[in-house]
Number of protein chains: 2
Amino acid sequence: MANQLHLSIDRSSPVPLYHQVVQGIEAAIHTGLLEPGSRLENEIDLAAQLNLSRPTMRKAMDELVRSGLLVRKRGVGTQVVSSQVRRPLELSSLYDDLTNNGSKPTTEVLTFAHVEADAATREALHLAAGAKVYHFTRLRKVGGKPLALMENWVRDDITHIDEDLLKTQGLYSILRSGGVNFRLATQRIGAMVANDYQAPLLETEPGSALVTMERTAVDDTGRNVETGHHVYRGDSYSFEMTLVQR
Amino acid sequence: MANQLHLSIDRSSPVPLYHQVVQGIEAAIHTGLLEPGSRLENEIDLAAQLNLSRPTMRKAMDELVRSGLLVRKRGVGTQVVSSQVRRPLELSSLYDDLTNNGSKPTTEVLTFAHVEADAATREALHLAAGAKVYHFTRLRKVGGKPLALMENWVRDDITHIDEDLLKTQGLYSILRSGGVNFRLATQRIGAMVANDYQAPLLETEPGSALVTMERTAVDDTGRNVETGHHVYRGDSYSFEMTLVQR
DNA sequence: AATCAGAGTATGTCCTAACAAACGGACATG
DNA sequence: CATGTCCGTTTGTTAGGACATACTCTGATT
């Protein structure tokens, strides 16, 4: 039970100590060194072994508990959560998701415009009347098979966007390059049936099931940077997430 | 700018100080006392005003940042980012959601059985061959209108469950009364079209859009307590959540 | 006048220290 | 034998201090 996890802590690294611990324990869990259900040593001993203070050790474990990898119980100890914990739903775009999975997505830009924002967009992005936005629709395919139809509105005072850029990069990657630090996003997931416009583009039948997602993303300065309305083929996409009780 | 938030901290309360601060600031934001975009005073002054140490104040603000209500920036300060931040997706059941919203849901129990678990269920709940589970399907209505069709499998070594109980209480409420402390859940959200079995029950047409959700919930001892497959009417239900970049 | 350096400010990280509360098992008691 | 009480263990909460780092603004220099 006294699982010896020999992590190496680099005090000269710019990476905070607690985060090094997080990465170390995550790695130990994923490589199977720490088995699901096994108990960790207590915080104080672990901290002593790594020459860290208890608060630092605790902060690391806090993160792991939050992300659902560990479970703590007062008076008992801390153990690795059993079962196969999936990647929690993070602030990432579809493009990120797919490239992380090893697929190679392609993007077609169906429409692209730099126009005055309509009322709904102004509301979503908190813009004043007369402000302009980039408005475009894209079709994303994986392995030649269409997967998602995406319509987005992006404020134009962040970075320049054009059609060529959108073909080669995900939207979030472009915005991050433009200096945007995303902090949070609100999204809503639902369902609809494909209409006559969507069906041929997604190479499916009108009346087939689609997953819908509406999302608005906010950056660290509080600006609502982007809002979008996406639909995914219901037979090949679903949202998977891990919820952690706080 | 120096927004005086006169919170009252009760040191004799069993509620931790940092959590009292969280609740106080949350309340201030929701009542509009703290406006979106406004800057808070710095951590040290706030802590001093409430007679708290900086770590305690910081822990409170950490939680608010995690939940997406505040945004911090080194060298600058902390500000309210709110806008219309919705309730994040928590580990709650539909019944909880609805009762919290003031609606009055009713539940019909369509089938109920105490049976040996099939292979898929044994895998989902990590049960040994021959173990028995409660298996039941329920139809949930709000205002007389059907909203969700739910099929669940629950291990039987937790608490007794019967049909009458399910009519009057949500499943999670029953399990919590049985001593289960939920810690995390993995869920997957997708879409499908209603089939001939689902459509009449949900009082909709075959071929209309449904939101699907599969969920497996884990308690604090690492047991997979419950797994379920739910479908919701796409025209009246969607999942809303706030994602926070860590 | 434009640019760069530095002071000031606020959050970020890390430490030592202490007490509280819950859990589980051992032990004593009826 | 059953039940309740005590105690050691482990996490939970809180304090107070120190230094690091990033950002903003101002003043000095070119």
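Residues numbered from 1 in each chain as written. Chains lettered and ligands numbered in written order. Predicted model: local features only at pLDDT ≥ 70, side-chain atom pairs only at ≥ 80, totals over all residues. Heavy atoms only, no water.

**Here we look at the pattern of salt bridges**
- All chains considered together, the criterion is met by 16 salt bridges over all chains.
- Its salt-bridge partner being arginine 54 of chain A, residue glutamate 43 of chain A comes within 2.9 Å of it at the nearest N-O pair. Placement of the pair is glutamate 43 of chain A in helix 2 (residues 43-49) and arginine 54 of chain A in helix 3 (residues 54-66), with a sequence separation of 11 residues.
- When the shortest N-O distance is used, the salt bridge between aspartate 62 of chain B and arginine 72 of chain B registers 2.2 Å. (Salt bridge = Lys/Arg side-chain N within 4 Å of Asp/Glu carboxyl O. Helix = DSSP H or I, 4+ residues; strand = E, 2+ residues; numbered from the N terminus.)

**Observations regarding the protein's contact with DNA strand D**
- By nearness alone, 26 residues border DNA strand D, and Arg54 and Arg58 of chain A together with Arg11, Leu17 and Thr56 of chain B come closest of all.
- The share of sugar and phosphate among atoms of DNA strand D within 4 Å of the protein is 73%.
- One of the backbone nitrogen or oxygen atoms of serine 53 of chain B is found 3.0 Å away from a phosphate oxygen of DNA strand D.
- Arginine 54 of chain B is positioned with one of its side-chain polar atoms (N or O) 3.3 Å from a base nitrogen of DNA strand D.
- At the level of secondary structure, the elements contributing two or more residues to the surface near DNA strand D comprise helix 2, helix 3, strand 1 (70-73) and strand 2 (77-80) of chain A together with helix 1 (17-30) and helix 3 (54-66) of chain B.
- The greatest single-element share of the surface near DNA strand D, amounting to four residues, is contributed by helix 3 of chain B.
- Partitioned by chemical class, the residues of the surface near DNA strand D number eight nonpolar, eight polar and 10 charged. (Near = heavy atom within 4 Å. Polar contact = N/O pair within 3.5 Å; in protein donor to acceptor, adjacent residues only side chain to side chain. Nonpolar A, V, L, I, M, F, W, Y, C, P; charged D, E, K, R; others polar.)

**Let's talk about the relation of the copies chain B and chain A**
- For the pair chain B and chain A, the best superposition has an RMSD of 0.3 Å and corresponds to a rotation of 180° with a translation of 0.1 Å parallel to the axis. Taken together, the rotation and translation relating the two chain copies correspond to the operation of a two-fold axis. For chain B, the minimum C-alpha distance to the rotation axis belongs to alanine 191 of chain B and amounts to 2.7 Å.
- By residue overlap, the copies meet face to face through one surface: 98% of the interface positions of chain B are interface positions in chain A. (Least-squares fit on C-alpha atoms with pLDDT ≥ 70 in both. Contact = heavy atoms within 4.5 Å.)

**Re the protein's contact with DNA strand C**
- Near DNA strand C lie 26 residues; those nearest to it are Arg11, Leu17 and Thr56 of chain A together with Arg54 and Arg58 of chain B.
- Within 4 Å of the protein, atoms of DNA strand C come from sugar and phosphate in 73% of cases.
- Residue arginine 11 of chain A places a side-chain N or O atom 2.6 Å away from a phosphate oxygen belonging to DNA strand C.
- At 3.1 Å from a phosphate oxygen of DNA strand C is found a side-chain nitrogen or oxygen belonging to asparagine 42 of chain B.
- Contributions of two or more residues to the surface near DNA strand C are made by helix 1 (17-30) and helix 3 of chain A together with helix 2 (43-49), helix 3, strand 1 (70-73) and strand 2 (77-80) of chain B.

**Quick look at the side chain of arginine 215 of chain B**
Residues and elements named next belong to chain B.
- Secondary-structure assignment places arginine 215 in strand 7 (residues 209-219).
- Glutamate 226 provides the closest opposite charge to the buried, salt-bridge-free arginine 215, at an N-O distance of 4.8 Å.
- A distance of 3.4 Å separates polar atoms of two side chains, one belonging to arginine 215 and the other to glutamine 187. (Buried < 20%, exposed > 50% of the residue type's maximum accessible area, 1.4 Å probe, protein only. Lys, Arg positive; Asp, Glu negative; His and termini not counted.)

**Description of the packing of helix 1 of chain B against helix 3 of chain B**
All names here are of chain B.
- Interaxial distance between helix 1 and helix 3 falls to 8 Å at its minimum, and their mutual angle equals 50°. With respect to helix 3, the axis of helix 1 lies oblique. Handedness of the crossing formed by helix 1 with helix 3: right-handed. Counted together, Leu17, Tyr18, His19, Val21, Val22, Ile25 and Glu26 of helix 1 and Thr56, Met57, Lys59, Ala60, Glu63 and Leu64 of helix 3 form the full contact between these two elements.
- Partitioned by chemical class, the residues of the contact of helix 1 with helix 3 number eight nonpolar, two polar and three charged. (Axes fitted to C-alpha atoms, helices over the stretch in contact; angles between N-to-C directions. Parallel < 35°, antiparallel > 145°, perpendicular 65-115°, else oblique. Left-handed = near helix turned anticlockwise from the far one by under 90°.)

**Looking at the interface of chain B and chain A**
- Facing the 47 residues of chain B at the interface are 50 residues of chain A.
- Summing the contributions of chain B and of chain A, the shared interface buries around 4,300 Å²; its carbon and sulfur component is 52%.
- At the boundary of chain B and chain A, one finds zero salt bridges.
- The interface formed by chain B and chain A contains four residue pairs in polar contact (both at pLDDT 80 or more).
- Only strand 1, strand 6 (182-193), strand 7 and strand 9 (239-244) of chain B provide two or more residues apiece to the side of chain B that touches chain A.
- In terms of residues, the side of chain B that touches chain A owes the most to one element, strand 6 of chain B, which gives 12 residues.
- Its residues assigned to classes, the side of chain B that touches chain A shows 18 nonpolar, 17 polar and 12 charged. (Buried area = accessible area lost by both parts, 1.4 Å probe.)

**Brief notes about the side chain of asparagine 224 of chain B**
- Locating asparagine 224 of chain B in the fold gives a position in strand 8 (residues 224-233).
- Side-chain polar atoms of asparagine 224 of chain B contact the backbone oxygen of alanine 124 of chain B, separated by 2.8 Å.

**Observations concerning unusual backbone geometry**
All names here are of chain A.
- Residues other than glycine seldom take positive phi values, yet asparagine 51 does so here, at roughly 60°.
- Tracing the sequence through the fold places asparagine 51 in the loop between helix 2 and helix 3.
- Exposure remark for asparagine 51: the relative accessible area of 61% places this residue in the exposed category.
- You will see that histidine 126, though not glycine, has its phi angle at about 60°, which is positive.
- Examined against the element boundaries, histidine 126 turns out to sit in the loop between helix 5 (119-125) and strand 4 (132-142).

**Re the packing of aromatic side chains**
Residues and elements named next belong to chain B.
- The final tally for this structure, using the stated rule, is 10 aromatic pairs over all chains.
- Here phenylalanine 112 and tyrosine 134 contribute two aromatic rings whose centre-to-centre distance is 6.0 Å and whose plane-to-plane angle is 35°, an arrangement assigned as tilted. In this pair, phenylalanine 112 is assigned in strand 3 (residues 105-116) and tyrosine 134 in strand 4 (residues 132-142), connecting sequence segments 22 residues apart.
- For phenylalanine 112, a relative accessible area of 26% puts it in the partly exposed group.
- Plain terms: the ring middles of tyrosine 232 and tyrosine 237 are 4.4 Å apart, the flat faces sit at 15° to each other, and that makes the pair stacked. (Phe/Tyr/Trp six-rings, centres within 6.5 Å; stacked < 30°, edge-to-face > 60°.)

**Thoughts on the environment of glycine 234 of chain A**
- By the secondary structure assignment, glycine 234 of chain A is in the loop between strand 8 (224-233) and strand 9 (239-244).
- Residues glycine 234 of chain A and leucine 147 of chain A lie 87 residues apart in sequence; the distance between their C-alpha atoms is 9.0 Å.
- Setting aside residues up to four positions removed in sequence, glycine 234 of chain A forms contacts with Ala209, Leu210 and Val211 of chain A together with Ala191 of chain B.

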